[in-house]
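# A closer look at the structure
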Amino acid sequence: MTGVGEALRDSAIFNLGSAVTMVIDDSSFALELTTQALLGFGIKVKYACHSAAEAMEILKDSDVDLIVVDADMPGMSGFDLVRWLRRSDLDPNAYAPVILMAAHVRRKHLDQARDCGANFLVTKPFSATTLLERVVWVARDQRPFLGVGDYFGPDRRFREGERRDGEERRSDYLRRAEFEAAKAAEATPEDAA
C-alpha cells in the first residue's frame, strides 16, 4: 500500500452493507459521529451502545461482524470490554474484529490496545478516510488468533514485509544470537594460533 488512494481502490472488493456492526461510546455526539461516518461507507450500525454493560448484553445474544469501541469510557473501559470479549467463549463474537478509538493516545494506550486483543487503535478525532482504511484493514486481516498466557486475540506479530528496524526484538532470538556470537568469538582466537 503506497497511499490513501490505492488503499481505498483496493477496498472496492468489499461490500460491508450487510455487516452487523456495533459502535460503543459513552458520548452521544461521538457515537452519532462514528455511526454517520460508517453509514457514509455503506456500513449500517445495527447496535449503538452508550456503555460496555449495554454492549455485553447484546453480544451475549447476537452475532456481530465488526465492533468499534471507545477506549476511555467510565465504568468498564473499551480495553476491558475487548479483554472480556476475547475471553468470553462467545463464538463467533470472541473473534470479531475490534477497532478501539481513543483521544490522547499515549504509549500505554498502544500497549493496552495490543494486549487486550484489539485489532487496531484509531486516534480521535479521526478522518473518515482513516476510519475506512482501518475497517478495510481489519476486514483483510488474516492473522490467526492466539491464546498465550493471559492474552487471547489476533497474533500481535505482523508477517508481511521486512521488520521496520531490521533488528530482532524477541528475547529468545536475541539470546541465541548472543550465544552464537560468544561461541564464534571463543573459536576465533584458537583458530588464529
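Throughout what follows, the structure given in this document is the object of discussion.

### Quick word on the overall build of the protein chain
- In terms of regular secondary structure, the protein chain is built from seven helices and seven strands.
- For the protein chain, the sequential pattern of α-helices and β-strands runs α-β-α-β-α-β-α-β-α-β-α-β-β-α.
- Sequence separation of 24 or more characterises 61% of the internal contacts of the protein chain that already satisfy a separation of 6 or more.
- In the structure as shown, the protein chain presents an accessible area of about 11,800 Å², 52% of it carried by carbon and sulfur atoms.

### Some details on the layout of surface pockets
- Of the volumes computed, that of the second largest pocket is approximately 260 Å³.
- In terms of lining, the second largest pocket is formed by 14 residues, of which the most central are D65, P97, V138, A139 and D141.
- Of the residues forming the lining of the second largest pocket, the biggest block, three residues, is contributed by helix α6 (residues 128-140).

### Comments concerning helix α3 (residues 52-61)
- Here α3 has its buried residues at A52, A55, M56 and L59. The buried residues of α3 occupy one face: seen down the axis, they fall within an arc of 105°.
- Residues of α3 that are buried in the fold lie against β1 (21-24), β2 (45-49), β3 (66-70) and α4 (78-86).

### Focus on the packing of α3 against α4
- Put simply, α3 and α4 touch, their axes get as near as 11 Å, and they point 20° apart. Taken together, the axis directions place α3 and α4 in an arrangement best described as roughly parallel. Along this stretch, α3 crosses α4, giving a crossing that reads as right-handed. Residues A52, A55, M56, L59 and K60 of α3 touch α4, and the partners they reach there are L81, W84 and L85.
- Class assignment of the residues belonging to the contact of α3 with α4 gives a composition of seven nonpolar, no polar and one charged.

Quick notes on the rules
- Residues numbered from 1 in each chain as written.
- Predicted model: local features only at pLDDT ≥ 70, side-chain atom pairs only at ≥ 80, totals over all residues.
- Heavy atoms only, no water.
- Helix = DSSP H or I, 4+ residues; strand = E, 2+ residues; numbered from the N terminus.
- Contact = heavy atoms within 4.5 Å.
- Areas by Shrake-Rupley, 256 points an atom, 1.4 Å probe, with all protein chains shown as cover.
- 1 Å grid on protein atoms, 1.4 Å probe; cavity = no way out; pocket = protein on both sides within 12 Å on 5 of 7 lines; lining within 4 Å.
- Points joined across faces, edges and corners; volume = space filled by probe spheres on them.
- Buried < 20%, exposed > 50% of the residue type's maximum accessible area, 1.4 Å probe, protein only.
- Arc of directions from axis to C-beta.
- Axes fitted to C-alpha atoms, helices over the stretch in contact; angles between N-to-C directions.
- Parallel < 35°, antiparallel > 145°, perpendicular 65-115°, else oblique.
- Left-handed = near helix turned anticlockwise from the far one by under 90°.
- Nonpolar A, V, L, I, M, F, W, Y, C, P; charged D, E, K, R; others polar.

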